[in-house]
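# Examination of the molecular architecture
The residues making up each chain are set out below.
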Amino acid sequence: MVEELILSGADIIKVGIGPGSVCTTRMKTGVGYPQLSAVIECADAAHGLQGHIISDGGCTCPGDVAKAFGAGADFVMAGGMFAGHDQCEGDLIERDGKKYKMFYGMASKTAMEKYAGGVAEYRSSEGKTVEVPYRGDVEVTVLDILGGLRSACTYIGAFKLKELPRRATFVRCTQQLNTIYS
């Protein structure tokens with residue numbers, strides 16, 4: 001499908017069916033694809049036709065952003081990682097001494113009511129609305145992501161972000177983190 005879209009005139013293809021933190025597509029439709037695999041396959045198809053891809057969904061930490069670029073993404077969306085900051089839309093909610101901000105997927109009922117006049121009767125919403133802890137200024141999160149990307153490049157010998165896909169090797173594992181002291 002990436003090839004078809006590029007041949008039809010698209011410059012950039014957004015890749016991701018169901019991996020987002022507020023996405024319910026996989027539960028509502030039974031359709032989805034593991035994000036890392038999707039990015040690898042779609043980037044290969046897009047780059048062969050001089051197109052680009054955006055990895056959309058599944059990033060929970062700076063390492064996930066590095067993996068998306070390493071898999072061949074030209075751009076990476078990280079909505080859940082940026083949710084809850086001062087720069088995000090929405091009011092600050094305070095409850096029991098803790099602060100929160102609303103976060104919702106663009107296929108959620110909340111988004112469709114806000115931007116499209118409601119959920120069309122021929123479809124279902126495929127996203128949820130959640131309250132995420134308030135996280136202050138986004139600068140700390142951005143610096144954490146940039147630091148993770150720089151370290152990833154250093155570890156694998158990439159001098160530029162553009163080199164990540166040529167240097168990255170992916171190995172299947174069953175445990176990403178050592179949780180002994182969690």
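Here is what the cut-offs are and how they apply
- Residues numbered from 1 in each chain as written.
- Predicted model: local features only at pLDDT ≥ 70, side-chain atom pairs only at ≥ 80, totals over all residues.
- Heavy atoms only, no water.
- 1 Å grid on protein atoms, 1.4 Å probe; cavity = no way out; pocket = protein on both sides within 12 Å on 5 of 7 lines; lining within 4 Å.
- Points joined across faces, edges and corners; volume = space filled by probe spheres on them.
- Nonpolar A, V, L, I, M, F, W, Y, C, P; charged D, E, K, R; others polar.
- Core = buried A, V, L, I, M, F, W, Y, C linked by side-chain atoms within 4.5 Å.
- Buried < 20%, exposed > 50% of the residue type's maximum accessible area, 1.4 Å probe, protein only.
- Helix = DSSP H or I, 4+ residues; strand = E, 2+ residues; numbered from the N terminus.
- Contact = heavy atoms within 4.5 Å.
- Domains from an automatic or database assignment.
- Buried area = accessible area lost by both parts, 1.4 Å probe.

## Brief notes about the layout of surface pockets
- There is about 1100 Å³ of room inside the largest pocket.
- Lining the largest pocket are 45 residues; nearest its centre among them are Val22, Gly79, Phe103, Tyr104 and Gly105.
- The residue makeup of the lining of the largest pocket, split by class, is 22 nonpolar, 15 polar and eight charged.
- Surrounding the second largest pocket, 28 residues form its lining, Leu36, Gly63, Asp64, Lys67 and Phe170 being those nearest its centre.

## Focus: the nonpolar core
- In terms of nonpolar packing, the biggest core is built from 14 residues, with Val2 and Ile53 touching the most fellow members.
- Per-element tally for this core: the top contributor is helix H3 (residues 35-47), with six residues.
- Contacts of Val2, omitting those with residues within four sequence positions, involve Ile13, Cys42, Ala45 and Ala46.
- Of all hydrophobic cores here, the second largest spans 12 residues; its members include Val65, Ala78, Met81 and Ile145.

## Structural notes on the domain arrangement of the protein chain
- Taken domain by domain, the protein chain consists of domain 1 (1-82 + 138-167) and domain 2 (92-133).
- Put simply, the middle of domain 1 and the middle of domain 2, counted by C-alpha atoms, are 24 Å apart.
- If you look at the interface, domain 1 gives nine residues, while domain 2 gives nine residues.
- Here domain 1 and domain 2 share an interface that buries about 680 Å² over both sides, 59% of which is from carbon and sulfur atoms.
- For the domain 1 face of the interface with domain 2, the top three residues by lost area are Val22, Thr24 and Lys28, together amounting to 66%.

## Things to note about the side chain of Glu126
- Summarising the element assignment, Glu126 is placed in the loop between helix H6 (109-115) and strand S6 (129-133).
- You can call Glu126 buried: its relative accessible area is 19%.
- Not counting the four nearest positions on each side in its chain, Glu126 is found in contact with Val22, Cys23, Thr24, Thr25, Lys28, Thr29 and Ala107.

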